[in-house]
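# Summary of structural features
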Amino acid sequence: MLSTKKECVAMLLAGGQGTRLGVLTQEVAKPAVPFGGKYRIIDFPISNTINSGIDTIGVLTQYQPFELNQYIGNGQPWDLDRLNGGAFVLPPYQKGKSGEWYKGTANAIYQNINFIDRYNPEYVLILSGDHIYKMDYSDMLDFHKKNGADCTIAVLNVSIEEASRFGIMNTNDKNEIYEFEEKPKQPKSTKASMGIYIFTWEKLRAYLIRDEEDKDSQNDFGKNIIPMMLADGQKLFAYEFSGYWKDVGTISSLWEANMDVLNPKSSGLNLNDRGWKIYARNMAEPPHFVGQNAEIKNSIVSEGCNVDGKIVNSVIYHGATVEQGAEIKDSIVMPGTKIGKNCRICHAIIGWNAVVGENCVIGAPQTAPVKGEWQIAVVGPEMELAKNSVVTEGQMVGGNK
Amino acid sequence: MNNMMSVLFASGNEAKLNELTLHRTTASLPFGGRYRLIDFTLSNLVNSGITQIGIVTRSNYQSLMDHIRQGRDWDLNRKNGGISVFPPFVYNSSKEAYKGKIEAIYSIFNFLNHAEEDYVVLSNCNVAANIDFEDIYNFHIEKGAAITVVSHKGYTTSSQRIVLEKAADGKITDVYETEYVGTEEKLISGNIYIIEKDLLKDLVQKAYAHGLVDFEKDILFKLVAEGKAYTYELTGYAAIIDDVKTYYAESMNLLNYETREALFGQEGKIYTKVKDSVPTVYGEGAVVKNSLLADGCVINGTVENSILFRNVRIEKGAVVKNSIVMENGVVGKDSSVSYAITDKDVEVSEGRTISGFSTYPIVIVKGKKV
C-alpha cells in the first residue's frame, strides 16, 4: 500500500453543530464561521498545524459539511497540497455492510483508523475546530516525548471561579495527571483542558477499539477514553499553555474574541505576526474603499469593502458595504454584508451576506454602552432586513425558525 | 476547449515609466493597491479560458518571476498548458537581448509549435481592463480578419502610442505611431492582438529573414495597408499605462466607484499573488477619506485621495494626500506626503515633507529612505 511514514498526524474534529451560535450555524458547521475580518475559525487550528511542521491533517466533518469541504479543498491556502500527506476532509462513510454517523469524538477517530494507519505515525494530535489561539504543537510534542507519555493534554490555567465550567486536570508536581474531573463543583485544580490531545498512536488505537466494544460508551475522549486510560494507570501529562485561547462556542464569546483582535496588546491575540501567520482561503477582492463621509476608529476593515459610514471599535469583514450616515459601534459585520444608510448598529453581529435596509436600529443604544453589560444582537446570514426595522439588544433574527 | 493561446511581452513601454521600472518590468508594475499590471492580463486570459501562456521577458525579470511563481494564484499551475516564462535570450549575432517582438516571437517558435491551439493572443502587459477574449475571438472569426487589434478611446501622449482609424465594420483604415501630445480623443491601440498561429509564424519568419524587428511597423502596418486588419474597440473602462503621468492618472481614476466596478465588479475576477496579510487596522488617530487601501495597513494618521498598497504604515500625525504608497511603505510621524508615488519599501522619516504636483507627481525610488 502506498504510504509514507509520518511522525505525527493531526486529526481535526470539525463536525460540531455549534447550536449555541444559533442562526450563525444553521447552514454551516461551527468551524466554518467567519472570524477576525477575513478568516474562519478553522483557519486557526489548521494554520497552527502547518506552522508546527505537521503536514498531514484529517478534517472530520459531519454537520453541514459542504461549506467546509469547499473551503478546505485541497488545502492549498495552508500549503497543505502535498504529494505525501496534506489536508483530507473525512466525512463518515459506508464500510462494508455498516455505515454510520460519527457517534462521538472518539468514534470519529475510530472510524478513521485506516486513514491514520496509512501514515503509520508514532503520534496523533487531536484538535477541535472551535477555538481561537496560536500554539506551537511541536513544543507540546517534545514535552510528550520527553515524558514518555501515552497521552498529553494541553491545559490552560483558569481562575478558580471559572474552573467549574471546564474539564479539569488534577496533577502532581511533575504535571502528571492522576484525575480528570468534568465541570467539577469543587475544583481541586485550575488546569482546564483545551481540547487538544497528543496520543501515542499505538496506545490510542487499542483504546479506541476497546471503547468501541463497550456498547454503553458515549465514545467521547473526555468522558470515556481519558478516564479509561487513567484507570489503567497509563502515563497522562498536562501540557501548560499560557497564550491567548478562547472557545468561541457562544455568541458572546465569538463577539468578545473578535473584539480581542482589535486590542492585541491587552488581549494577547495578535494576528499581525509574521512568525506565525494565520492563513485563509483568498477571496480575490480588490482593496477596500473608504469614502468621503467615512470615519473609522479603532477598527479593522478587510478587502473588498466599501465604507462611507462611521465605524468605531468594530470588525468589518471582506466585501461588506457600509453606506453613508450609518453608524456601527462595538460590532461585527461579516463578509458580503450590506448596511444601508443611517443605520444604527451597536453590540451586534451581522451575519454574512445580510442586507440591512436604511434606518435600521440594531442592538444596544449607541449612547454610553458599557462593554459586557449588553447582550449581543444578531442578524442571521443571508437575511434581508426591511428598512426602519428594529432589532433589540440580545435579539436574534433570521434563520428558518 | 478553447482554441487560443497567448504570448505576453513583459517589457513593453518601459522608457517613459522612469524610476518605476528601474527594478522591474512593466508587467510587474504595482497597480491598484494590491495588483501588478500583468494580473489584469493573466486574469482576463484565464477568465476567457486561455491557459497556454508564454511570457517573454527582456530584463529586470526577477520581480516578475517572484510574482508569478508557478502561476498558482491564477489557477495556471496546470499539467496541460499553464505559464512558461522565457528569460532573455541571446539569439542574434550581436549578443544582445532581443531587439523587437519579431525576434522574440521567432525565438519561441518551439513553444508555438508544441501548443494545440490555432490562435494566439499577443499582448503587452500595460493595460488594466476587464476583457473577455472570447468576444474578441468571435469578432476576429466573424470578420475574417488577419489580425484584430484591441483598442480603446484615449489621447496621444508623449509616450509612443499607436493610433487607429476604423470604418463602421471595424476595419482599420489608417494606422500611425505618434509621440505628439494631442487634445483630441483618438482610438488608441492597446497593443493586444489576436492572430492565427500559422499566419503569425509565416509573417514573423519572413520579416525575420529580412532583418526586420518591429512587429507594429513591419507587420501590423502592412496588414492594415492590405485591408486585412480589424479593430475591436473596448467601450468599457480600460487604462493604458505607458508613462508616469498615465500611471498616476489611471491610479487616481480607481477612486471612482464606476471605474472600480468596471474593473473588479465583473464576473471575471482579477487575481493576484496571495500574501496572507491581515486586515487593515485603523487606530484612534486615523482620518481616512476617499482612498483605496489594501490589507495589512496600519493607519494612525490622515489619508486622503490616495492609494495604499499592502502593509503600509501611516504613523500618528502623518498626512498623505493625492498619493500612491506602495507595499511596505512607511510614512513617519508628522510627515507630509502629497502628489507623490513612493515605490515599494520606501520610508519617509519623521517630520519630512514630500510634495509633487498633480501633473508631475514626484517618484521616490524603491527602498529609499527619505
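Residues numbered from 1 in each chain as written. Chains lettered and ligands numbered in written order. Predicted model: local features only at pLDDT ≥ 70, side-chain atom pairs only at ≥ 80, totals over all residues. Heavy atoms only, no water.

### Looking at the overall build of chain B
Looking only at helices and strands, chain B has 9 helices and 28 strands in total. Expected size for 370 residues packed as a compact globule is a radius of gyration near 21 Å; at 21 Å, chain B falls within 12% of this value. Seen along its three principal axes, the alpha-carbon backbone of chain B occupies a region of about 65 × 45 × 45 Å. The buried share among the 370 residues of chain B stands at 59%. Long-range pairs, those at least 24 residues apart, make up 59% of the contacts in chain B between residues at least 6 apart in sequence. Carbon and sulfur atoms make up 46% of the accessible area of chain B, which amounts to about 14700 Å² in all. (Helix = DSSP H or I, 4+ residues; strand = E, 2+ residues; numbered from the N terminus. Rg over C-alpha atoms; globule rule 2.2 N^0.38 Å. Buried < 20%, exposed > 50% of the residue type's maximum accessible area, 1.4 Å probe, protein only. Contact = heavy atoms within 4.5 Å. Areas by Shrake-Rupley, 256 points an atom, 1.4 Å probe, with all protein chains shown as cover.)

### Topic: the sheet that holds strand 21 (residues 319–321) of chain B
Within a beta sheet, neighbouring strands are joined by backbone hydrogen bonds and run either parallel or antiparallel to one another. Residues and elements named next belong to chain B. Taking strand neighbours across the sheet as the criterion, the 5 strands line up as 15-18-21-24-27 in an open arrangement whose pairing is parallel. Looking at which strands have only one partner, the edges of the open sheet turn out to be strand 15 (287–289) and strand 27 (353–355). Recorded for the sheet is a direction-independent mean angle of 5 degrees between the axes of neighbouring strands. When strand 21 meets strand 24 (residues 336–338), the two strands line up parallel, connected through 3 bridges. From the neighbouring strand, valine 320 faces strand 24, where its bridge partner is valine 337. (Pairing = 2+ DSSP bridges. Axes fitted to C-alpha atoms, helices over the stretch in contact; angles between N-to-C directions.)

### With respect to the pattern of salt bridges
In total, this model carries 35 salt bridges over all chains according to the counting rule given. Within the structure, one salt-bridge network assembled from shared partners comprises Lys6, Asp55, Asp79 and Arg82 of chain A. (Salt bridge = Lys/Arg side-chain N within 4 Å of Asp/Glu carboxyl O.)

### Structural notes on empty space enclosed by the protein
Tallying each qualifying case throughout the model produces 4 cavities of 30 Å³ or more. Taken together, 13 residues make up the lining of the largest cavity; nearest its centre are Lys38, Arg281, Asn282, Met283 and Glu303 of chain A. Taken as a whole, the second largest cavity encloses approximately 80 Å³ of empty space. Pro30, Gly33, Arg34, Tyr35, Arg36, His67, Thr272, Lys275, Phe309, Arg310, Glu327 and Lys344 of chain B together form the lining of the second largest cavity. Across the lining of the second largest cavity, the residue classes tally to 3 nonpolar, 3 polar and 6 charged. (1 Å grid on protein atoms, 1.4 Å probe; cavity = no way out; pocket = protein on both sides within 12 Å on 5 of 7 lines; lining within 4 Å. Points joined across faces, edges and corners; volume = space filled by probe spheres on them. Nonpolar A, V, L, I, M, F, W, Y, C, P; charged D, E, K, R; others polar.)

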